[in-house]
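These are the residues of each chain, in order.
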Amino acid sequence: MKYENDEYLIDKKGCFKKVNGKDEKLVKLASPIFIVARYKDPIHKKEQIIIQDQDGDEYILDSSILSSRNLFKLIEMGFSINENHIKELSNALQDARNSTVKSSFYKGVGVMSTNKGTVIVLNDLHFSPSMTEEDMSQIICDNKYDLMSNGNLNDWLSMFKEQVNGNVVLELVATFGVSALVTRYLFFLNEIEFTGMIYSLTGQSSSGKTTAAMLAASIAGNPNKGDKTLFCSWNATKVGIENNVSSNFGVPVIFDELSTST
């Protein structure tokens, strides 16, 4: 990843100011700071940028971070900065920011419509075949769930074959999980009139309801209790419950212990 103009150079070795316009004479301004994307926050109407360090770690920050007054805040994130040339660093990064194509920001997960075409947002973005590479590079989506694969598909299929296949109830529950994305896509195509379904698993205590629900959610992401996982609880405020399912357009979510709901 590299940015360069007549005055500045940013590459894997760092951020530099050119002296007398000669590339071989460089003054180091900071460790590598790459601006990989920029977009306007649709809620607060502020421009935000995504910066990346030399290890590939990314940070979402307001564009105001690039002012000479705020650049020091990058030090606590692990970046090294030459304080004697803070204004030059600010100019270099703002030039790099201005050369970065502004992306469109979308909040949600599942099947979504963008100004470039249809996108399926899961752990990765899956684009409509009609979209060009340039279209794809200009779309950023915020996914609030933990949808990172844990293990591999072959292991999951082996588990399904050994422990689920042949058990009608568990097969049905697995279908519930798959139906989340399918029904949303059918609604998107105007093939059906409802956006999704709610399934209620009932039965005696310790009969496997929670485990079955976790099977359904495992199709899409992390089904365990925890932050940003697909395992939620009815024991929450109305606002909290609504936040857990807002901007969800095709991912199954579990709500456990209905008896705790008011």
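As the structure is a computational prediction, the values presented were derived from the model and not from experiment. (Residues numbered from 1 in each chain as written. Predicted model: local features only at pLDDT ≥ 70, side-chain atom pairs only at ≥ 80, totals over all residues. Heavy atoms only, no water.)

**Describing the overall build of the protein chain**
Then comes step 1: Helix and strand content of the protein chain: 6 helices and 15 strands.
Then comes step 2: A compact globule built from 262 residues should have a C-alpha radius of gyration of about 18 Å, whereas the protein chain, at 24 Å, is more than 25% larger.
Then comes step 3: Along the first, second and third principal axes, the C-alpha set of the protein chain runs to 80 × 40 × 40 Å.
Then comes step 4: Counting the 262 residues in the protein chain, one finds 37% classified as buried.
Then comes step 5: Residue pairs in contact within the protein chain that sit at least 24 positions apart in sequence constitute 45% of those at least 6 positions apart.
Then comes step 6: Here the protein chain has roughly 15900 Å² of accessible surface; of this, 49% comes from carbon and sulfur atoms.
Then comes step 7: Seen as two clouds, the 26 positive and the 32 negative side-chain charges of the protein chain have centres 7 Å apart. (Helix = DSSP H or I, 4+ residues; strand = E, 2+ residues; numbered from the N terminus. Rg over C-alpha atoms; globule rule 2.2 N^0.38 Å. Buried < 20%, exposed > 50% of the residue type's maximum accessible area, 1.4 Å probe, protein only. Contact = heavy atoms within 4.5 Å. Areas by Shrake-Rupley, 256 points an atom, 1.4 Å probe, with all protein chains shown as cover. Lys, Arg positive; Asp, Glu negative; His and termini not counted. Charge placed at Lys NZ, Arg CZ, Asp CG, Glu CD.)

**Observations concerning the pairing of strand β7 (residues 58–62)**
Then comes step 1: Inspection of the sheet shows strand β6 (residues 47–52) paired to β7 by 5 bridges, in the antiparallel sense. If you follow Gln-48 over to β7, its bridge partner there is Asp-62.
Then comes step 2: Hairpin connection from β6 to β7: 5 residues lie between these consecutive antiparallel strands, with Gly-56 at a positive phi of about 90°. (Pairing = 2+ DSSP bridges.)

**Description of the pattern of salt bridges**
Then comes step 1: Using the criterion set out here, one finds 7 salt bridges in the structure.
Then comes step 2: With its nearest N and O atoms 3.0 Å apart, the salt bridge here joins Glu-47 to Arg-38.
Then comes step 3: The buried category is assigned to Glu-47, whose relative accessible area is 16%.
Then comes step 4: Taken together, the shared-partner salt bridges in this structure form one network comprising Arg-38, Glu-47, Arg-97 and Lys-102. (Salt bridge = Lys/Arg side-chain N within 4 Å of Asp/Glu carboxyl O.)

**A short note on the sheet that holds strand β10 (residues 117–121)**
Then comes step 1: Sheet architecture is open: 4 strands sit in the order β11-β10-β9-β14, paired in mixed fashion. With one partner strand each, in any of the chains shown, β11 (125–127) and β14 (248–249) form the two edges of the open sheet.
Then comes step 2: Contacts from helix α4 (residues 168–188) reach β9 (109–114), β10 and β14, with the element oriented near 20° to β9. (Axes fitted to C-alpha atoms, helices over the stretch in contact; angles between N-to-C directions.)

**Some words on the nonpolar core**
Most often, soluble globular proteins have nonpolar side chains that are buried together.
Then comes step 1: Cys-15, Leu-74, Leu-89 and Leu-93 are the most contacted members of the largest nonpolar core, which totals 23 residues.
Then comes step 2: Contributions of two or more residues to this core are made by β2 (8–11), β4 (22–30), β5 (34–40), β6 and α1 (86–99).
Then comes step 3: Of the residues forming this core, the biggest block, 5 residues, is contributed by α1.
Then comes step 4: Those residues in contact with Leu-89, other than ones at most four positions away along the chain, are Cys-15, Leu-29, Ala-30, Leu-71 and Ile-81.
Then comes step 5: Ranked by size, the runner-up nonpolar core spans 9 residues in total, among them Tyr-145, Ala-217, Leu-230 and Phe-231. (Core = buried A, V, L, I, M, F, W, Y, C linked by side-chain atoms within 4.5 Å.)

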